[in-house]
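Spelled out from the first residue to the last, the chains are:
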Amino acid sequence: MNNQNIEVWGFKTFRPFRIYWALEEFNLQYRSYKIGSRTGETQTAEYLNLNPKGKIPFFRHNNVHINESVAAMNYVVNNFDRPADFYIPLSAKDKAKIDEWSYFCAMELDSLGVYILRRHQPVQKHGLSNLYGEAPNAVKTSIEHVDRMLKACERDVPNENWLLGGSPSCADIMFMSCLQVIKLFNLEIKSDKIQSYYKRAVQRKQYISAMIKTYGHPNLEEYTIENQSK
Ligand SMILES: N[C@@H](CCC(=O)N[C@@H](CS)C(=O)NCC(=O)O)C(=O)O
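Scope of this entry: the structure provided in the associated data block.

Conventions used here
Residues numbered from 1 in each chain as written. Predicted model: local features only at pLDDT ≥ 70, side-chain atom pairs only at ≥ 80, totals over all residues. Helix = DSSP H or I, 4+ residues; strand = E, 2+ residues; numbered from the N terminus. Rg over C-alpha atoms; globule rule 2.2 N^0.38 Å. Buried ≥ 20, exposed ≤ 12 C-beta atoms within 10 Å, placed from the backbone. Contact = placed C-beta atoms within 7 Å. Axes fitted to C-alpha atoms, helices over the stretch in contact; angles between N-to-C directions. Left-handed = near helix turned anticlockwise from the far one by under 90°. Near = placed C-beta within 6 Å. Nonpolar A, V, L, I, M, F, W, Y, C, P; charged D, E, K, R; others polar. Pairing = 2+ DSSP bridges. Core = buried A, V, L, I, M, F, W, Y, C linked by C-beta atoms within 7 Å. Expected span 1.5 Å × (residues − 1). Bend = angle between axes of the 7 residues up to and from the residue.

Some points on the overall build of the protein
(1) Moving on: When you go through the protein residue by residue, the secondary structure sums to nine helices and four strands.
(2) Moving on: Helices and strands appear in the protein in the N-to-C order β-α-β-α-β-β-α-α-α-α-α-α-α.
(3) Moving on: Whereas a compact globule of 230 residues would reach a radius of gyration of roughly 17 Å, the protein reaches 17 Å, a difference of no more than 12%.
(4) Moving on: Along the first, second and third principal axes, the C-alpha set of the protein runs to 45 × 45 × 30 Å.
(5) Moving on: Within the protein, buried positions represent 36% of all 230 residues.
(6) Moving on: Considering only contacts within the protein whose residues lie at least 6 apart along the sequence, 67% involve residues at least 24 apart.

What follows is the structure in C-alpha cells.
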C-alpha cells in the first residue's frame, strides 16, 4: 500500500506509543503532531472534527481515519510491507493468541487497571481525582487487579525472546505499552520473568525510537509521570 501521508496526533502517553512503535517497526515515514490530552489541544473545533472523542491518539492515512490506538496499530501492521523481523501471524492459533494479548492488555491491564487508577488517584499521586472524583476503593482494587492479571499472564511470558517467538508482534507492543504505565505508577511487578522480559524489550532499536517520539527520552527512567499526557 502507498505509504505516504501517514499522520499521528498525540504524544507523552502509552496509547500513541503503540502506533509509533508499529510505525518504527515498519520503517515508515510519518508526520506526528505533538498534542497532549487535556491541554485544550484536543478540544478545538478543528481537532474535534477529526476525532469527536476529543482524545489522543488519532491516526490518519489518506482517507482512513482511526481514533482507537489498537485499531491504528493493527492497521499499520496489516497494510504495509512486512519487515523481516516483525511477526505477523499466519496460523489461526497465533492470530488468536495475538488477539488474546491485545484484548487482555486493552481491557484488563489498561481499562480496568491503570486507567481506573489514573482517574481516581489523588492529584498528589498524579491522578485525576480533581476531574473524576476520589474513589479509594476503586484505586485499591485496580492495583489488586493489575497484580492479579500480571500473575495470570506470567505463565505465557517466555524466558527468552518475544511473546510469540523470535520477533516482536502486536502482542508485545500492547503488553509493553501497559507495563510502561504500570512502571510509571510505581506498581510492583512481582514476576522476575516479566521483569526480565521488560528489560529485554526496552533494548530494541525500534522501541527506543518510539520512546523518543512519544516521551522525548529513550527510557522511562528519564521521564517522570508529571510530564505525561492525561
Ligand atoms: N481507547 C482509546 C483511549 C484513548 C484515551 O483515553 N486517551 C487519553 C490519553 S492516553 C485521553 O486522550 N484522555 C483524555 C480524555 O479522556 O478526555 C485508545 O486506546 O485510543
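Here we look at the packing of helix α1 (residues 14-25) against helix α7 (residues 170-184)
(1) Moving on: As a packed pair, α1 and α7 sit with axes 9 Å apart at the nearest point and diverge in direction by 145°. At the point where α1 passes α7, the crossing takes the right-handed sense. Touching Phe14, Phe17, Arg18, Trp21 and Ala22 of α1 are Ile173, Met174, Ser177, Cys178, Gln180 and Val181, all from α7.

Quick notes on the site of the ligand
(1) Moving on: The local shell around the ligand holds 13 residues, among which Thr13, Arg15, Ser37, Lys55 and Ser69 are the closest.
(2) Moving on: A class-by-class count of the residues in the shell around the ligand yields three nonpolar, five polar and five charged.

As for the environment of Ile173
(1) Moving on: Counting through the fold element by element, Ile173 comes out in helix α7.
(2) Moving on: Ignoring sequence-local partners within four residues, the contact set of Ile173 consists of Arg18, Trp21, Ala22 and Met73.

What about the sheet that holds strand β4 (residues 64-66)?
Hydrogen bonds between backbone groups are what pair the strands of a sheet, and the pairing can be parallel or antiparallel.
(1) Moving on: Strand order in the open sheet formed by four strands is β2-β1-β3-β4, and the pairing between neighbours is mixed. Every interior strand has two partners, whereas the edge strands, β2 (31-33) and β4, have only one. Averaged over all neighbouring strand pairs, the angle between strand axes comes to 15°, with direction disregarded.
(2) Moving on: For strand β3 (residues 58-61) and β4, the ladder comprises three bridges, and the chain directions are antiparallel. Note on β4: the bridge partner recorded for Arg60 is His65.

Section: the pairing of β3
(1) Moving on: Burial along β3 is two-sided: Phe58 and Arg60 facing one way and Phe59 and His61 facing the other are all buried.
(2) Moving on: The pairing of strand β1 (residues 6-9) with β3 spans four bridges and is antiparallel. Paired with Val8 across the two strands is Phe59, which belongs to β3.
(3) Moving on: Between β3 and the antiparallel strand that follows it, β4, lie two residues; Asn62 among them carries a positive phi value of about 50°.

Re the nonpolar core
(1) Moving on: Counting 48 residues, the largest nonpolar core has Ile19, Ala22, Met73, Met174, Phe175 and Cys178 as the members making the most contacts within it.
(2) Moving on: Among the elements of the structure, β1, α1, β3, α3 (69-79), α4 (92-120), α6 (136-153), α7 and α9 (205-215) are those that each provide at least two residues to this core.
(3) Moving on: Broken down by element, the residue count for this core peaks at 11 residues, all from α7.
(4) Moving on: Excluding residues that lie within four positions of it along the chain, Cys178 makes contacts with Phe14, Cys105, Leu109, Asp110 and Val114.

Describing α4
(1) Moving on: Compared with the 42 Å implied by 1.5 Å per residue over 29 residues, the 39 Å span of α4 between its first and last C-alpha is a close match.
(2) Moving on: Where α4 bends most, the angle comes to about 45°, and this point is Asp110.
(3) Moving on: On its buried face, α4 sits against α3, α5 (129-132), α6 and α7.

What about unusual backbone geometry?
(1) Moving on: With omega at 5°, the peptide bond leading from Ile56 into Pro57 counts as cis.
(2) Moving on: Examined against the element boundaries, Pro57 turns out to sit in the loop between α2 (45-50) and β3.
(3) Moving on: The phi dihedral of Asn27 is positive, around 55°, even though this residue is not glycine.
(4) Moving on: Looking at the element boundaries, Asn27 is found in the loop between α1 and β2.
(5) Moving on: At Asn62, a position not held by glycine, the phi torsion is positive, near 50°.
(6) Moving on: Note on placement: Asn62 falls in the loop between β3 and β4.
(7) Moving on: Judged by the 11 C-beta atoms lying within 10 Å of it, Asn62 is exposed.

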